[in-house]
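# Descriptive structure summary
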Amino acid sequence: MPPLEYFTVECSDGVGGEAYERIAADVLQDLDLLKVIDKLHIYIDPVVPIFVAAGLLRKIPGAVRLRDMAAIRTEGERTIMDISDETYLAPLLTKLWSQFARENVDQPDRFTVVLTLREPVPGDLGEMVVADPRETLYRDIIYAMQYIAPEGFKVRRQYVKGNVFYYVASEDTLPDDIVETLVAGKLALLGVTL
Amino acid sequence: MTVLVPITYKGGIYRHDDIIELIEDLGGYIVQKHVLAQEVVLQSFVPRDDVEQIRRIAKPLAGEVKESPLVGTEIAVISPSLEIHHLPHTSCDIAEYLRQAGAKTNMVGLARGFGKRIANLNREERDVINEHDLAVYVLGNFAECIEHKFPVLQRGIEVPIVITGAPDRETLQKIVDPPVDGYVGGIGRIMHRFRRPEELAKLDEIVAEVARVLDARREVLANDPLSIFPARLKDVIEEKVYEVATLTHPTPVTVQMTGVRVKLPYDDYAPEFRALEIQDGVAIGDIAEVLPSRMRNYIIIRIKPYSETGVMV
C-alpha cells in the first residue's frame, strides 16, 4: 500500500484487483511519484473493458529561477554565478549557451559559471527561468498511468490540469460521454468536480 | 539399453576436464557447458547407474551433481508483447529460472498478444513456438481476459503448453478451453522481481509443472524411440562439422527432445548435413529431416522414430 492520503483499486475481479493494487504501488514507487500524488482512485472492469484512474496531486514546486540555484555577482564584464544547487545545472548551461553564445560562457570549475559580455546583461539575470519541474511531472504521471493500465487498453483519454488528473482507457472505442458518466463519479469520490 | 538421465554438474574450474572426460567415457553426453568466472556448470546426460560414481569422483573437487529434469529441452517463454508491462520482471524471471533448471529457454514476444478482444498470434510466431519442446504462456491478471484471448493464442500450437496467470489453478483449468497440459496459478503481471519466498515458491511450481509435462512426453516418446539420441547427434555434428566450432552462440547446436537446432545458415549447409555420415553408412538424411528453421536462417533437424526408419544408431 503506497502512503497516499487515499488509495483505492475498485475492480469486479477480486484476484485481479489485488494484483493491480500491487502494480500501482510498484509503478508509483519506481517512478518516484509517491510524494507527488495525494489521492488516487483506480477503477477497472475487465468485462467492458475499461480502466479509469482519477487522482489529485500535492502542491508542486513552481518554476526554478536562476537566483534559486546560484549567487550572482558582477565584476566588470564578467558575471559570475556560484552554483549552490547543481540539480538544474545542465539545463542552465544549455539556456546560457543558446542566449549568449557558447564562447561567452565558461565553467572554470564544477560550481562556477562565468558569463563574459561586452554590454550589460539585458534584464535581471536572476529571474531567468531555468527549468519547470511541472512540465516533466505531467508527462511522468500520464506515463505512470499508461504503465499501470492493462496493456491492450490502447484507446485512451487523459487530462492533467492544476492538481487534478484522470486517465481513462479501453481496447474499444470510448463513448463520447465517458468523462461525464464514469470519470466524474470517480473524481467525486476524491471530492473534485470538473 | 542404458537409460540416460539429465544432470547438472556445478563445480570449480579446476580439473573440470576430468569430469567431462569421465562423463564421456561412461557413455554420457555434455549438452551445454557454461564457464562463469571460477565456476563451471555442465548440463549433461549420464547413465543412471553411474550418477553415484560421478558424485563420488566430483566430491574432492567440491563439485555438486543434481538431477535436472529440464536438461536437453528447448522451451519457449511467451510474453503477450515486448512492452514494459510484461517485461522484464515476470517473463525474464521465469525464463531465467527455467534455465537454472537446465532448459534452454527462448523468449518469444508476440507482436499483438495483448488485450482481450484484439489479441492475435501470427503465422511466424506460431511456427517459431512449434519448433520448441514446450511453450510457457506468461499471461496476466484477469480471468475474463485469459478466457477470451487464450483460444486465439494457442491456435495452431502443437507442442505441450503450460499456462501461468494470476487466477488460481482451478480457475485457470475452468476457463482455458481447449484444455492445455499444465497450469500454474497465482502469477500475474507483476512490476517487481520475484524475490519474496512465496514468489520464489511459484517459480519452483512452474519448474515442477514443466518437468511433469515433459516427463509425460518422454514417456510417450519411449514407446517408439528415436533413431538417434539427440545429444549424440549433437556430438556427431560438433565433431564432424568444423564450422560449428567457429560460431559464437552460447549453444551453436541446441539439443531438443526430438531433434537439434543448428545455428548455421540453412541454404549453405543443408545438403552437407543430409549427407553427413553418423555411423556405418547411415547419414543424417536417412534418419532425420533437415528443415529450415523459422528462427533466423538456422537449420532444424527433426529425428524420425525407429518405427519409421528401422535404423538405430
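Reading the values: the criteria
- Residues numbered from 1 in each chain as written.
- Chains lettered and ligands numbered in written order.
- Predicted model: local features only at pLDDT ≥ 70, side-chain atom pairs only at ≥ 80, totals over all residues.
- Heavy atoms only, no water.
- Helix = DSSP H or I, 4+ residues; strand = E, 2+ residues; numbered from the N terminus.
- Buried < 20%, exposed > 50% of the residue type's maximum accessible area, 1.4 Å probe, protein only.
- Contact = heavy atoms within 4.5 Å.
- Areas by Shrake-Rupley, 256 points an atom, 1.4 Å probe, with all protein chains shown as cover.
- Rg over C-alpha atoms; globule rule 2.2 N^0.38 Å.
- Polar contact = N/O pair within 3.5 Å; in protein donor to acceptor, adjacent residues only side chain to side chain.
- Domains from an automatic or database assignment.
- Buried area = accessible area lost by both parts, 1.4 Å probe.
- Salt bridge = Lys/Arg side-chain N within 4 Å of Asp/Glu carboxyl O.
- Phe/Tyr/Trp six-rings, centres within 6.5 Å; stacked < 30°, edge-to-face > 60°.
- Lys NZ or Arg CZ within 6 Å of the ring centre and 35° of its normal.
- Pairing = 2+ DSSP bridges.
- Axes fitted to C-alpha atoms, helices over the stretch in contact; angles between N-to-C directions.

Chain A goes by Methanogenesis marker 17 protein in an unreviewed UniProt entry, where it is assigned to hydrocarbon metagenome.

### Here we look at the overall build of chain B
Per the secondary structure count, chain B includes eleven helices and 15 strands. For chain B, the spread of C-alpha atoms along the three principal axes comes to 55 × 45 × 35 Å. For chain B, with 313 residues in total, the buried portion stands at 55%. Considering only residue pairs separated by 6 or more positions, chain B has 67% of its internal contacts joining residues 24 or more positions apart. When the accessible surface of chain B is split by element, carbon and sulfur atoms take 50% of a total near 14200 Å².

### Brief notes about the overall build of chain A
From N to C terminus, chain A includes five helices and eleven strands. Taken over C-alpha atoms, the radius of gyration comes to 23 Å for chain A, far larger than the 16 Å a tight globule of 194 residues would show. Its C-alpha atoms put chain A at 70 × 35 × 30 Å along the principal axes. When burial is assessed residue by residue, chain A has 47% of its 194 residues classed as buried.

### Some remarks on the side chain of Asn141 of chain B
Note on placement: Asn141 of chain B falls in the loop between β7 (134-138) and α5 (143-153). From its side chain, Asn141 of chain B meets the backbone nitrogen of Arg189 of chain B in a polar contact 3.0 Å long. Setting aside chain neighbours within four positions, we find Asn141 of chain B in contact with Asp13, Gly16, Ala19, Tyr20 and Ile23 of chain A together with Ala166, Pro167, Gly188 and Arg189 of chain B.

### A closer look at the domain arrangement of chain A
Entries for chain A in the domain assignment read domain 1 (6-60 + 133-189) and domain 2 (64-131). Computed from C-alpha coordinates alone, the two centres of domain 1 of chain A and domain 2 of chain A are separated by 40 Å.

### Remarks on the interface of chain A and chain B
Contact with chain A, which involves 26 residues of that partner, is made by 22 residues of chain B. Roughly 2000 Å² of surface becomes buried between chain A and chain B when both sides are summed, with 54% attributable to carbon and sulfur atoms. By the criterion of area lost to chain B, the three top residues of chain A are Tyr147, Glu151 and Glu171 of chain A, representing 32% of everything that side buries. Applying the counting rule to chain A against chain B returns three salt bridges. The closest approach of N and O atoms between Glu83 of chain B and Lys154 of chain A, which form a salt bridge, is 3.2 Å. Summed over the shared surface of chain A and chain B, the number is 19 residue pairs in polar contact (both at pLDDT 80 or more).

### Overview of the domain arrangement of chain B
Accessible area lost upon the coming together of the parts serves often as the stated size of an interface. Residues and elements named next belong to chain B. The domains assigned to chain B are domain 1 (4-67), domain 2 (74-221) and domain 3 (230-309). Placing the centre of domain 1 and that of domain 3 at their C-alpha centroids yields a distance of 25 Å. The interface of domain 1 with domain 3 comprises five residues on the first partner and seven residues on the second. Taken together, the two surfaces of domain 1 and domain 3 that pack against each other cover about 520 Å², and 62% of this comes from carbon and sulfur. Linking domain 1 with domain 3 are zero salt bridges, by the criterion used here. On the surface where domain 1 and domain 3 come into contact, there are two residue pairs in polar contact (both at pLDDT 80 or more). Tallying contributions element by element places strand β2 (residues 29-36) first for the side of domain 1 that touches domain 3, with four residues.

### So, the packing of aromatic side chains
On inspection of all chains with the given rule, the structure shows seven aromatic pairs over all chains. Consider the rings of Tyr159 of chain A and Tyr166 of chain A, whose centres lie 5.0 Å apart with planes at 10°: the pair is stacked. A residue is classified by how much of its surface remains accessible, and Tyr166 of chain A, at 7% relative accessible area, is buried. For the pair Phe45 of chain B and Phe229 of chain B, a centre-to-centre distance of 5.0 Å together with 85° between the ring planes defines the contact as edge-to-face. In this pair, Phe45 of chain B is assigned in strand β3 (residues 39-47) and Phe229 of chain B in the loop between α7 (197-223) and α8 (230-240), connecting sequence segments 184 residues apart. When its relative accessible area of 31% is taken as the criterion, Phe229 of chain B is described as partly exposed. Within the aromatic cluster, the residues linked to one another by ring pairs are Tyr29, Phe45 and Phe229 of chain B. A cation over a ring is seen here: Arg102 of chain A above Trp97 of chain A, with NZ or CZ 3.9 Å from the ring centre.

### Some thoughts on the sheet that holds strand β5 (residues 74-79) of chain B
Residues and elements named next belong to chain B. Taken in spatial order, the five strands line up as β6-β5-β7-β8-β9 in an open sheet, and their pairing is parallel. With partners counted over all chains shown, the strands left at the sheet margins are β6 (104-109) and β9 (182-184), one partner each. Strand-to-strand twist of the sheet, defined as the mean angle between neighbouring strand axes without regard to direction, takes the value 20°. Inspection of the sheet shows strand β8 (residues 161-164) paired to β9 by three bridges, in the parallel sense. Residue pairing for β9: Thr164 is matched across the bridge by Val184. Along the sheet, helix α3 (residues 89-100) contacts β5, β6 and β7; its crossing angle with β6, the most-contacted strand, is approximately 160°.

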